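What follows is each chain in one-letter form.
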Amino acid sequence: MTNNALLQTGFYFLVLLALARPLGAYMARVYEGRPFGVERLIYRLCRVQPDEEMDWKTYTLSLLLFSAVSVLFLYALQRFQGLLPWNPATLGAVSPDSSFNTAVSFVSNTNWQGYGGETTMSYLTQMLGLTVQNFVSAAAGMAVLVAFIRGLVRRNARTIGNFWVDLTRTTLYILLPFSLILALVLVSQGVVQTFSSYRTVQPIEAGGEQVLAVGPAASQIAIKQLGTNGGGFFNVNSAHPFENPTPLSNFLEMLSILLIPAALCCTFGRMVGDPRQGWALLAAMTLVLVVFVAAGAVLEQAGNPAFARLGIDHGGNMEGKEARFGIVNSALWASATTAASNGSVNSMHDSYTPLGGLVPLFLMQFSEVVFGGVGSGLYGMLVFVLVTVFIAGLMVGRTPEYLGKKIEAYEMKMASLVILIMPFVVLILTAVAVVVKPGLATIFNPGAHGFSEVLYAFTSQGNNNGSAFAGLGANNPFYNTTGGIAMFLSRFWLAIPTLAIAGSLAKKKQVPASPGTLPTHTPLFVGFLIGVIVLVGALTFFPALALGPIVEHLRMTTGGI
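These lines cover the structure that appears in this document, whether it is placed above or below.

Criteria and cut-off values
- Residues numbered from 1 in each chain as written.
- Predicted model: local features only at pLDDT ≥ 70, side-chain atom pairs only at ≥ 80, totals over all residues.
- Heavy atoms only, no water.
- Core = buried A, V, L, I, M, F, W, Y, C linked by side-chain atoms within 4.5 Å.
- Buried < 20%, exposed > 50% of the residue type's maximum accessible area, 1.4 Å probe, protein only.
- Contact = heavy atoms within 4.5 Å.
- Helix = DSSP H or I, 4+ residues; strand = E, 2+ residues; numbered from the N terminus.
- Salt bridge = Lys/Arg side-chain N within 4 Å of Asp/Glu carboxyl O.
- Phe/Tyr/Trp six-rings, centres within 6.5 Å; stacked < 30°, edge-to-face > 60°.
- 1 Å grid on protein atoms, 1.4 Å probe; cavity = no way out; pocket = protein on both sides within 12 Å on 5 of 7 lines; lining within 4 Å.
- Points joined across faces, edges and corners; volume = space filled by probe spheres on them.
- Expected span 1.5 Å × (residues − 1).
- Axes fitted to C-alpha atoms, helices over the stretch in contact; angles between N-to-C directions.
- Left-handed = near helix turned anticlockwise from the far one by under 90°.
- Nonpolar A, V, L, I, M, F, W, Y, C, P; charged D, E, K, R; others polar.
- Parallel < 35°, antiparallel > 145°, perpendicular 65-115°, else oblique.
- Polar contact = N/O pair within 3.5 Å; in protein donor to acceptor, adjacent residues only side chain to side chain.

## Considering the nonpolar core
Moving on, step 1. Ranked by internal contacts, the top residues of the largest apolar core, which has 147 residues, are Ile260 and Leu378.
Moving on, step 2. Sequence-distant contacts of Leu378, that is, excluding residues within four places in its chain, are made with Leu145, Leu264, Cys265, Phe268, Leu281, Met285, Phe371 and Gly373.
Moving on, step 3. Counting 7 residues, the second largest nonpolar core, distinct from the first, contains Val94, Ala103, Met121 and Leu130.

Now the structure itself:
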């Protein structure tokens, strides 16, 4: 990497880590505070008793019911959008299969999009449907995390909080104010925010007209980044100049992707009463991401060796990248968005070199725990922590403990579900797609790259990410239906055992630390944790990766493609 690349990447991580601590402390105060002001009014209107806490089963049921109603509402909004107001482009109803896929996608915090936003969704659908879900789906993930933390902290308790209170506080005190600030800054950089109709302009070339799509974009872009949602207002997402017009907007949007996931590590440390625990988790996430950012940038700067064999100095792989952002900012964004379960893009991942494309693909296959989605990433990481502690306990012949709670068979069964459900969903659906006619019909790239596109699609949906190798034709009944199933299972079948672990831990008594207790804040434990995460990802997905990007890379280097 060049000195300029190192400077840009280093500055990004420096700002990110500097902001994580104060934001994390603020969020801890939000979740530990008492209701006041507008919050109390919302509870009265919704008939919620904030002092009545829930056990894990009631908490889970509340999450599932809220999400089910959200799916139905968003599905209906898309199906009837042709009859509803705020539709200046007079867009018709979205097809049933696409409506199903999009409804599940935004409610599960995935924001996978098989459609072009400016040619499919009205302003009303974008705002009342998609933007609202960007807020509440992110808040639901953070609520599950807070419930999990309470399970670790409480002793001999049967409750883990109130879902409606956690959802309200997250939305009202965290996501709304920070999204408002970011949206205003983005508008100042030229991001569009208007209810005006699409504009018809004369292009530079003589003759003809060009229609420029506009709309209330800045408000959705702010929360799509802060809430690790990722869905673009426009089809090309954050590569579009109306979504991401300047280097400053690019930096702020990229920073927003990781900001809350990083800060939640500090929130965790404060809520459990030991900030070192949060810093250890943040260190593990950062170390993994830095390695993959460097790998992605180096691989893309190396470019295609076929040019070198022809004696052409190509200056790296610029295919599919915005010239105004370049290779480093594209590779950094690609790594951040797939590490954080965000899915927004400022370059075309499908145009990366085979191993350059493997970087975002493999980051997702870590179960999105390297930062991950807001809330969901950290509670996924904490499940890996429990597994790591359990393995360490077996190695030394002791009952494993984490933060004074014994980790026993029940917790390991639930943790196994959290870790294994995603690979099962991804690999089974990928296998089905490459053998049945409806799946093969829209794989337009033959061979290894076509397989990589299918694997990437289901990895993205199965990890609630939303990015894509966009050469695959995914907006059809087969991929919309199977993708919707993947997103639903990977969001809620993981949240349920996570909350079950929280309920089980809350009931346990505190075990005093002893000389044999494994410290979980040391560099040794951080290294052990990273090893477990990498090995699980590598052992699970390496055979599939060998059939896709690795084979494609070998063919490229030997002149096969």
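Picking up where we left off.
## Regarding unusual backbone geometry
Moving on, step 1. Even without glycine at this site, Asn156 takes up a positive phi of about 50°.
Moving on, step 2. Along the chain, Asn156 falls in the loop between α6 (123-153) and α7 (163-189).
Moving on, step 3. Judged by its relative accessible area of 59%, Asn156 is exposed.
Moving on, step 4. For Ser367, which is not glycine, the phi torsion reads 70° and is therefore positive.
Moving on, step 5. Looking at the secondary structure, you find Ser367 in the loop between α13 (354-364) and α14 (376-396).

## Points about the pattern of salt bridges
Close approach of charged atoms lets side chains of opposite charge pair.
Moving on, step 1. Taken as a whole, this structure holds 10 salt bridges when the rule is applied.
Moving on, step 2. One salt bridge in this structure joins Arg34 and Asp51, with 3.5 Å as the shortest N-O distance. Of the two residues, Arg34 sits in the loop between α1 (3-32) and α2 (38-46) while Asp51 sits in the loop between α2 and α3 (56-79), which places them 17 residues apart along the sequence. You'll find Arg34 and Asp51 in the same group, each marked exposed.
Moving on, step 3. One salt bridge in this structure joins Arg150 and Asp166, with 2.8 Å as the shortest N-O distance. Highlighted residues: Arg150 in helix α6 and Asp166 in helix α7, separated in sequence by 16 residues.
Moving on, step 4. Salt bridges here are not isolated pairs; linked through shared partners, they connect Glu408, Glu411 and Lys508.

## Considering the packing of aromatic side chains
Moving on, step 1. A complete count under the given rule lists 19 aromatic pairs for this structure.
Moving on, step 2. Each ring, one from Phe292 and one from Phe362, has its centre 6.1 Å from the other, and the planes form 55°; the classification is tilted. Here the residue Phe292 occupies a position in helix α10 (residues 275-302), and Phe362 occupies one in helix α13, the gap between them amounting to 70 residues. Summarising the burial analysis for this pair, Phe292 and Phe362 share the class buried.
Moving on, step 3. Cluster of aromatic residues (ring-pair linked, three or more members): Phe11, Tyr12, Phe13 and Phe251.

## Overview of the layout of surface pockets
Moving on, step 1. A volume near 650 Å³ is recorded for the largest pocket.
Moving on, step 2. Forming the boundary of the largest pocket are 34 residues, of which Gln113, Asn235, Val345, Ala468 and Ala470 lie nearest the centre.

## What to know about empty space enclosed by the protein
Moving on, step 1. What the rule picks out here adds up to 4 cavities of 30 Å³ or more.
Moving on, step 2. Roughly 210 Å³ of internal volume is contained in the largest cavity.
Moving on, step 3. Contributing to the lining of the largest cavity are 20 residues, with Ser367, Glu368, Ser376, Ser490 and Leu494 lying nearest its centre.
Moving on, step 4. Elements that contribute at least two residues to the lining of the largest cavity include exactly α14, α15 (409-433) and α18 (477-507).

## Observations regarding helix α12 (residues 326-339)
Moving on, step 1. Taking 1.5 Å as the rise per residue, α12 with 14 residues should run 20 Å; its terminal C-alpha atoms sit 20 Å apart, in good agreement.
Moving on, step 2. Of all 14 residues in α12, 14 are buried; the element is thus mostly enclosed.
Moving on, step 3. Ser341 lies just past α12 and shows a positive phi near 55°.

## So, the packing of α13 against helix α17 (residues 447-462)
Moving on, step 1. Running from N to C, α13 and α17 cross one another at 35°; their axes reach a closest spacing of 9 Å. Our pair here, α13 against α17, has a crossing hand that is left-handed. Note on element contacts: α17 touches α13 through Leu455, Tyr456, Thr459 and Ser460, opposite Pro360, Leu361 and Met364.
Moving on, step 2. Partitioning the contact of α13 with α17 into residue classes produces 5 nonpolar, 2 polar and no charged.

## Thoughts on the environment of Phe488
Moving on, step 1. Turning to its location among the elements, Phe488 is positioned in helix α18.
Moving on, step 2. In this structure, the C-alpha to C-alpha distance between Phe488 and Val104, residues 384 residues apart in sequence, is 6.4 Å.

## Remarks on the packing of α14 against helix α19 (residues 523-557)
Moving on, step 1. Between α14 and α19, the shortest axis-to-axis distance is 9 Å and the interhelical angle comes to 105°. By the criterion of interaxial angle, the relationship of α14 to α19 is roughly perpendicular. For the pair α14 and α19, contact is made by Met381, Phe384, Val385, Val387, Thr388, Val389, Ile391, Ala392 and Met395 and by Phe525, Phe528, Leu529, Val532, Ile533 and Val536, respectively.
Moving on, step 2. When grouped by side-chain class, the residues that make up the contact of α14 with α19 number 14 nonpolar, 1 polar and no charged.

## Some details on the side chain of Ser347
Moving on, step 1. For Ser347, the location among the structural elements is in the loop between α12 and α13.
Moving on, step 2. In this structure the side chain of Ser347 is engaged in a polar contact, spanning 2.7 Å, whose partner is the side chain of Tyr352.
Moving on, step 3. Each residue touching Ser347, except ones within four places of it in the same chain, is listed here: Gly320, Lys321, Ser330 and Tyr352.

## Here's the deal with the environment of Ala280
Moving on, step 1. With respect to the helices and strands, Ala280 occurs in helix α10.
Moving on, step 2. Residue classification places Ala280 among the buried residues on the basis of a relative accessible area of 6%.
Moving on, step 3. Taking the C-alpha atoms as reference points, Ala280 and Val425, separated by 145 residues in sequence, lie 30 Å from one another.
Moving on, step 4. With sequence-adjacent residues up to four places away left out, Ala280 is seen in contact with Thr520, His521 and Val526.

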